[in-house]
Protein chains: 2
Amino acid sequence: MSKPSPLSGFPELLPAQRVVEREIVASLSRTFELHGFANIETRVVEPLERLAKGGEIDKEIYVLRRLQAEDSDVDSGGNMLGLHFDLTVPFARYVLEHAGKLEFPFRRFQIQPAWRGERPQEGRYRQFTQADIDIVGRDELGFHHDVEVVRVMVEALDALPLPGLSFQVNNRKLIQGFYRGLGIPDVTAAIKAIDKLDKLPSDEVARLLVEQAGATPEQAQRCLELAGIRVADTSFVQQVRELGVGDELLDQGLTELAAVIDGCASAVNDHVRVEANLRIARGLDYYTGTVLEVFMDGYERLKSVGGGGRYDALASDGRTTYPGVGVSFGVSRTLIPLLADGVLDGSRPVPSAVLVALVDEDSRGHSLAVAQQLRARGIPCEVVAHPQKFGKQIRTAERRGIPFVWFPSADGSHEVKDIRTGEQVAADPAAWTPPTEDLRPRVVMKEQEL
Amino acid sequence: MSKPSPLSGFPELLPAQRVVEREIVASLSRTFELHGFANIETRVVEPLERLAKGGEIDKEIYVLRRLQAEDSDVDSGGNMLGLHFDLTVPFARYVLEHAGKLEFPFRRFQIQPAWRGERPQEGRYRQFTQADIDIVGRDELGFHHDVEVVRVMVEALDALPLPGLSFQVNNRKLIQGFYRGLGIPDVTAAIKAIDKLDKLPSDEVARLLVEQAGATPEQAQRCLELAGIRVADTSFVQQVRELGVGDELLDQGLTELAAVIDGCASAVNDHVRVEANLRIARGLDYYTGTVLEVFMDGYERLKSVGGGGRYDALASDGRTTYPGVGVSFGVSRTLIPLLADGVLDGSRPVPSAVLVALVDEDSRGHSLAVAQQLRARGIPCEVVAHPQKFGKQIRTAERRGIPFVWFPSADGSHEVKDIRTGEQVAADPAAWTPPTEDLRPRVVMKEQEL
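Since we're looking at a predicted model, the values are computed, not measured.

Draft legend 1. Summary view of the overall build of chain A. Secondary structure summary: chain A contains 14 helices and 19 strands in total. Put simply, chain A has 450 residues, and 48% of those count as buried. The contacts in chain A between residues at least 6 apart in sequence include a share of 69% that link residues at least 24 apart.

Following this line, the structure appears as structure tokens:
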């Protein structure tokens, strides 16, 4: 078989890069668990009827077919199976399927790959890992959980070795109430138009507001003024008031957004910021209150690297409705470009902190015994493959990025060498320990990016 | 949307069960890393030409098709893509693709799902997680790595909360050399016949040896005698010698198998045993030396829960050959039946060790501050959703399996209650710590199964 070529849209990591991904997953998991979020994994397939809801997502779904079967594989009801394209659809199904065995409000985190058959580009892959947190209630879910879930993701991302991050938060009630109070005839069309501010100049958006949402030119101007408000504190409330629009839903949206900004205030810093940005709408998705997107400094070209919000009906089985609020973070979308740019890397490709040298093949048992003594105290190590000259064994450690070489001796006079400094000292395999920072591979981040 | 039904062959875990799976994955990873194995993950798809080798596996492959595309999805060379059905095929491809960036011998572990479109049954799923370790060399790989990889898996499985396990080890050189030295005309047919000893009575297997492998009745008898040897030490060497067959390959096989048994001797115990079992053949797979299967006490009906061996050509790009030796452990195959039988479970479904109670809605900020103090010292906790009567809040903790309820107080006189004993004591949120065994959910194993 010939040398294989990479598969476009299916990025794969080298061992040192995988160190970074694992540390990110472990760190996210630690923060989520400190806040009481339970981990689950869902199967990777769902019946097509759950995945395809008539939206544009349809064309991106991978369906499964058994190689030797005439037709696509089906579930017991005859539905085709497809790979999930996010973690929200399978989670909603999981909640419905297992509701009788779950306690609500149910906090869960889920870190798994998802698949989309779309054209690959930087930050967009056919297989990509996401980290989602959601809190789901049965019938009702207090608003304070909106504050909670945003704050947890702020803390989780702050703990990661990433460039600066910015949470841009808004509230659908605020936008909808404002448009309604302003008297815009078609609120949905207005949201759709404002959502185009990324791509179109504002006078073009104003034209859309007039033509498609039925706004007067003056109303359109007010909408643009609202969308222009972006602050890192709750001063947006006063700014919106000054636009002179009164509406009950608007008031509720202002109160909720202010509570999210306030609730995160003690967690933000130079690394992770939280701002009220009144142009964030998250398209026409199922969000009903809080909405947010996350952007990474220097990587604005990736668009959002995370996002989420409040949905009053995450799932429903016709009798019971499950409201939810959640935030999703794009692990692959963030990590693959940072690894490709060399901003992040693992400090070494192997877990081993120590390479145990070999005097000759007959004494392999002796070297193995030293290795076992080190492992018994939690020190990862490996025994060199061949009893070459010590110089060659040291170069083996260098090539593998292993910081220490252990020279065993039958008479018990062991020595260990730090191959970076060349320092070699007598050491006892039952007592010697490497410095903590050398014990495991670490994530290394280019200084200027910190 | 109606209540979804489970999908046959795609088992999913409840949060407390997932605690068990995560602990098993974490424990395996710890042992593998102590021995210098680096973690990788491969993409889940491979070009069909790599997956389909004309064997019976073909019919079990899931191929991908984009929902809106006319044809199946293809790679740049026009090959269909399929989900991997094990972790060996993608690992072999990974080694070939990234060989220039890897250091050999390359030790890797990989814990990922794989997919087979086969009929589901206990221990056999359409989506299942495996944990594989392999050591791969470039051009050559010393035999001592056979001993190493078996020993590492023995230590890894010994650290798991599982019923007793038995490693059954053999060597293909031993069998082949024995048959050759005995003068059996068709050695391959003889291996095939002996491999049926699980399913057929031995006189039936003797008949196959005569009819299909061209053995004389007396030779067939010798083959059965060899296959009957099963010991926990190296006394098999003498037992084979007494069968009176001489062959160079047989000698090499005996030496290698004895080295594996010897190399594991100091790691075995009542929980994990290692035996030489001279009927193990692992079918007609690509193994060329060491072969082994792992069985679980009380779950013999699952057949092997792990297996592996030596393959002199794990991968080859036509110019370079990569020999390897590895062992695979079936995480789902083992775990799903044990969870279903209630042998294993998680001690609670949430990470929270503490539920912080709420005096009233206005003091939520105070309860949140207590929770943050506890989290800052690594104690997972959650604040109760509603300021109900304390009795109700305690029952909330009970339902969620949370062992401690924290009662905050504005005047600083905090108290914490162990809801299992009812004991309630004054506590400082900046200093109090739960007992270590309560800090995180644990794996609970039924006593009689230990």
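Draft legend 2. Geometry of the sheet that holds strand β18 (residues 424-426) of chain A. Residue and element names in this part refer to chain A. The mixed open sheet is built from five strands, whose spatial order is β15-β14-β16-β17-β18. In the strand order of this sheet, the two ends are held by β15 (381-383) and β18, each with one partner. Strand-to-strand twist of the sheet, defined as the mean angle between neighbouring strand axes without regard to direction, takes the value 25 degrees. Sheet analysis places strand β16 (residues 404-407) next to strand β17 (residues 415-418), joined by four bridges and oriented antiparallel.

Draft legend 3. Quick peek at the packing of helix α5 (residues 172-182) of chain A against helix α6 (residues 187-194) of chain A. Residue and element names in this part refer to chain A. Taken N-terminus to C-terminus, the directions of α5 and α6 make an angle of 120 degrees; their axes are 10 Å apart at the nearest point. When the axis of α5 is compared with that of α6, the two are oblique. Here α5 and α6 pass one another in a crossing that is right-handed. The residues of α6 that touch α5, namely those facing Ile175, Gln176, Tyr179 and Arg180, are Val187, Ala190 and Ile191. Split into classes, the residues belonging to the contact of α5 with α6 amount to five nonpolar, one polar and one charged.

Draft legend 4. Spatial organisation of the relation of the copies chain B and chain A. Aligned on chain A, chain B shows an RMSD of 0.1 Å; the corresponding rotation is 180 degrees and the shift along the axis is 0.0 Å. The superposition operator between the copies reduces to a two-fold rotation axis. Of every C-alpha in chain B, the one belonging to leucine 64 of chain B sits nearest the axis of rotation, 2.5 Å from it. Mapped onto chain A, 99% of the interface residues of chain B are again interface residues, and the two copies thus contact each other with one and the same surface.

Draft legend 5. Geometry of the domain arrangement of chain A. Residue and element names in this part refer to chain A. Per the domain assignment, the segments making up chain A are domain 1 (15-345) and domain 2 (354-445). Spacing between the C-alpha centres of domain 1 and domain 2 amounts to 48 Å. The interface of domain 1 with domain 2 comprises seven residues on the first partner and four residues on the second. Those elements that place two or more of their residues in the side of domain 1 that touches domain 2 are α1 (15-34) and β13 (344-346). Among the elements that line the side of domain 1 that touches domain 2, the one with the most residues is α1, at three residues.

Draft legend 6. Up close: unusual backbone geometry. Residue and element names in this part refer to chain A. In this structure, the amide linkage connecting phenylalanine 104 to the following residue, proline 105, adopts the cis form with an omega of -5 degrees. Checked against the element boundaries, proline 105 lands in the loop between α3 (88-98) and β5 (106-115). Despite not being glycine, aspartate 139 shows a phi value in the positive range, around 70 degrees.

Draft legend 7. Region of the structure containing the pairing of β5 of chain A. All names here are of chain A. Among the ten residues in β5, nine count as buried, and that is most of the element. With two bridges joining them, strand β1 (residues 38-39) and β5 adopt parallel strand pairing. Within β5, the residue paired with asparagine 39 across the bridge is phenylalanine 109. By the bridge criterion, ten bridges tie β5 to strand β6 (residues 127-136) in an arrangement that is antiparallel. Bridging from a neighbouring strand, proline 113 pairs with threonine 129 of β6.

Draft legend 8. Region of the structure containing the interface of chain B and chain A. Between chain B and chain A, the residue contacts involve 69 residues of the former and 68 residues of the latter. At the level of secondary structure, the elements contributing two or more residues to the side of chain B that touches chain A comprise α1 (15-34), β1 (38-39), β3 (62-66), α3 (88-98), α12 (364-376), β15 (381-383) and α13 (390-400) of chain B. Counted by class, the side of chain B that touches chain A contains 28 nonpolar, 18 polar and 23 charged residues. Taken together, the five bridges between strand β3 (residues 62-66) of chain A and β3 of chain B define a ladder with antiparallel strand orientation. Paired with arginine 66 of chain A across the strands is tyrosine 62 of chain B, a residue of β3 of chain B.

Draft legend 9. A look at the sheet that holds strand β18 (residues 424-426) of chain B. All names here are of chain B. In space, the five strands of this open sheet follow the order β15-β14-β16-β17-β18, with mixed pairing throughout. The sheet terminates laterally at β15 and β18, the two strands that pair on one side only. Between one strand and the next, the sheet's axes are offset by a mean angle of 25 degrees, whatever the strand orientation. Direction of pairing for strand β14 (residues 354-356) relative to strand β16 (residues 404-407): parallel, over a ladder of three bridges.

Conventions we followed
Numbering of residues begins from 1 in every chain and follows the order in which that chain's sequence is written. By the order in which they are written, chains take letters starting at A while ligands take numbers starting at 1. Only residues with pLDDT of at least 70 get local features here, since the model is predicted, and only at 80 or more are side-chain atom pairs given and counted; chain-wide, interface and lining totals rely on the full set of residues. Secondary structure elements are taken from DSSP: a helix is a run of H or I of four residues or more, a strand is a run of E of two residues or more, and numbering for both begins at the N terminus. Burial is judged by counting other C-beta atoms within 10 Å of a residue's own C-beta: 20 or more means buried, 12 or fewer means exposed, and anything between counts as partly exposed, with every C-beta placed from the backbone. Contact criterion: two residues are in contact if their C-beta atoms, reconstructed from the backbone, are within 7 Å. Note: two strands are recorded as paired if DSSP finds a minimum of 2 bridges between them. In this description, a line fitted to the C-alpha atoms serves as the axis of each element, helices being fitted only across the stretch in contact, and the angle between N-to-C directions of two axes falls anywhere from 0 to 180 degrees. The cut-offs work like this: below 35 degrees is roughly parallel, past 145 is roughly antiparallel, 65 to 115 is roughly perpendicular, and the gaps in between are oblique. Handedness of a helix crossing follows the sense of rotation of the near helix relative to the far helix, less than a right angle counterclockwise being left-handed and clockwise being right-handed. As a working rule, the residues Ala, Val, Leu, Ile, Met, Phe, Trp, Tyr, Cys and Pro are called nonpolar, Asp, Glu, Lys and Arg charged, and the rest polar, with Gly in that last group. We superpose the copies by least squares over the C-alpha atoms of residues that have a pLDDT of at least 70 in both of them. Here the bounds of each domain stem from an automatic or database domain assignment.

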